[in-house]
Amino acid sequence: MTFEEYYSAFKAYSDIYSDEYRKRIEVLEPLLVKFMPEKGRVLDLGCGAGGFSFLLEDLGFDVVCADNSDHMLSLAKGFAKEKNSKVEIIKADARELPFEDNSFDYVLFIDNLVHFEPLDLGKAFREIGRVLKPGGRLLLQFTDLRALLPVLMNGQVIGEEYWISRVLPDKDEKAVLIEFKSEDKSFRVRFNVWGKTAVELLAKLYFKKIGEEKINEHTYFQAYVTKK
């Protein structure tokens, strides 16, 4: 199963009007407000269905919503039309962003690390640093999947109808295949495994950390500033 199908299965990622998606926004909105003190131009990278882009637009920011998935961009465009939004929605690869140097005051990178192997995430961080203005900020939210793996192996309910039935890490635990089941179907998705320490070591090559909030036992929100 592809990530597009995975995101479609869970309203927390695919339906910006759902209770699940609203809960994500409720958790992150105060943190975004805290670490984005001045209005400016924002790149919501890996924007998915666009909920955080529309939130920031409502808060007065100039927002570009970028993703590499045609399916998720289609969802974002549909929601933008319903909201009469002026958010710019474009297709982009985080490893090779189609923007000039120093184009943004902020880059939002929410729940995206599982898509990236180490070399690719390094390229993405480098590109984020390039398109940020001097003093620009990267706002990063991620789950420490390495620490979470033992919990997942015990089974856990995800969303309204699915639970985790199998967790199959590779021998180095750099990636994991997770099987989700409901009463009438099942599917598997491969996630790249990132721990908090590895994320911070890689980010440190391009940015300086200026803030961190622990959202729950395994999920973090971090703010970084460019080294320019």
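Before any of the text, the structure's been laid out above.
Residues numbered from 1 in each chain as written. Predicted model: local features only at pLDDT ≥ 70, side-chain atom pairs only at ≥ 80, totals over all residues. Heavy atoms only, no water.

**Observations regarding the overall build of the chain**
And then number 1: Within the chain one finds eight helices and 11 strands.
And then number 2: Its C-alpha atoms give the chain a radius of gyration of 17 Å, within 12% of the compact-globule value 17 Å for 228 residues.
And then number 3: If one aligns the C-alpha atoms of the chain with their principal axes, the spans along those axes are about 45 × 40 × 30 Å.
And then number 4: A total of 228 residues make up the chain; the buried ones form 50% of that total.
And then number 5: Intrachain contacts of the chain at a sequence separation of at least 6 include 61% that bridge at least 24 residues. (Helix = DSSP H or I, 4+ residues; strand = E, 2+ residues; numbered from the N terminus. Rg over C-alpha atoms; globule rule 2.2 N^0.38 Å. Buried < 20%, exposed > 50% of the residue type's maximum accessible area, 1.4 Å probe, protein only. Contact = heavy atoms within 4.5 Å.)

**Some details on the packing of helix α3 (residues 19-35) against helix α4 (residues 51-58)**
Two packed helices can be described by the angle between their axes and the distance between those axes.
And then number 1: One way to put it is that α3 packs onto α4 with a least axis distance of 11 Å and a crossing angle of 45 degrees. The orientation of α3 relative to α4 falls into the category oblique. Crossing hand, α3 versus α4: right-handed. Here Y21, R24, I25, L28, E29 and L32 of α3 lie close against α4, whose contacting residues are G51, F52, L55 and L56.
And then number 2: In the contact of α3 with α4, the residues fall into seven nonpolar, one polar and two charged. (Axes fitted to C-alpha atoms, helices over the stretch in contact; angles between N-to-C directions. Parallel < 35°, antiparallel > 145°, perpendicular 65-115°, else oblique. Left-handed = near helix turned anticlockwise from the far one by under 90°. Nonpolar A, V, L, I, M, F, W, Y, C, P; charged D, E, K, R; others polar.)

**Focus on the state of the cysteines**
Linking two cysteines covalently via their sulfur atoms produces the bond known as a disulfide.
And then number 1: Going through the model one piece at a time under the given rule, you end up with one disulfide.
And then number 2: Here C47 pairs with C65 through a disulfide, and the sulfurs are 2.2 Å apart. Measuring the twist about the S-S bond at about 80 degrees, one finds the C47-C65 disulfide to be right-handed. Of this pair, C47 sits in the loop between β1 (41-45) and α4 while C65 is found in strand β2 (residues 62-67), placing the two residues 18 residues apart along the sequence. An identical accessibility class is assigned to C47 and C65; each is buried. (Disulfide = S-S within 2.5 Å.)

**Overview of the environment of K214**
And then number 1: Mapped onto the secondary structure, K214 falls in strand β10 (residues 207-214).
And then number 2: Take K214: its relative accessible area is 53%, and that puts it in the exposed class.
And then number 3: Along the primary structure K214 and G78 are separated by 136 residues, whereas in three dimensions their C-alpha atoms are 33 Å apart.

**Quick word on the side chain of H218**
And then number 1: In this fold, H218 is placed in the loop between β10 and β11 (219-226).
And then number 2: Those residues within four positions of H218 in sequence are excluded, and the remaining contacts are F142, T143, D144, A147, L148 and V151.

**A word on the packing of aromatic side chains**
And then number 1: Following the criterion strictly, the structure yields 25 aromatic pairs and no others.
And then number 2: Residues F3 and Y7 carry aromatic rings whose centres are separated by 5.8 Å and whose planes lie at 40 degrees to one another, so their mutual orientation is tilted. With F3 and Y7 both in helix α1 (residues 3-9) and four residues apart, this pair spans about one turn of that helix.
And then number 3: Taking relative accessible area as the criterion, F3 reaches 17% and is therefore assigned buried.
And then number 4: For Y7, a relative accessible area of 11% puts it in the buried group.
And then number 5: Taking the centre distance of 4.9 Å and the plane angle of 50 degrees together, the rings of Y7 and Y13 count as tilted. (Phe/Tyr/Trp six-rings, centres within 6.5 Å; stacked < 30°, edge-to-face > 60°.)

**Quick notes on α3**
And then number 1: With 17 residues, α3 should cover 24 Å at 1.5 Å per step; its first-to-last C-alpha distance of 25 Å lies within 8% of that length.
And then number 2: In α3, a bend of some 35 degrees at L28 exceeds every other bend along the element, and P30, a proline, comes one to four places later.
And then number 3: Within α3 the residues assigned to the buried category are Y21, R24, I25, L28, L31, L32 and F35.
And then number 4: Where α3 is buried, its residues meet α2 (11-14), α4, β4 (104-110), β5 (132-143), β10 and β11. (Expected span 1.5 Å × (residues − 1). Bend = angle between axes of the 7 residues up to and from the residue.)

**Some details on the nonpolar core**
And then number 1: Within the largest apolar cluster, 49 residues are counted, with the highest numbers of intra-cluster contacts made by Y6, L32, F52, L139, F180 and F191.
And then number 2: In terms of residue count, the dominant contributor to this core is α3 (six residues).
And then number 3: Residues A94, F104, F125 and Y224 belong to the second largest nonpolar core, which totals 30 residues. (Core = buried A, V, L, I, M, F, W, Y, C linked by side-chain atoms within 4.5 Å.)

**A few points about unusual backbone geometry**
And then number 1: In this model, N84 sits at a positive phi of 55 degrees, which is unusual for a non-glycine residue.
And then number 2: Take N84: it is sitting in the loop between α5 (70-83) and β3 (88-91).
And then number 3: Its relative accessible area of 68% is what places N84 among the exposed residues.
And then number 4: A positive phi angle, close to 55 degrees, is found at D111, a residue other than glycine.
And then number 5: Checked against the element boundaries, D111 lands in the loop between β4 and α6 (118-131).

Purely geometric stuff here, so don't read any function into it on its own.
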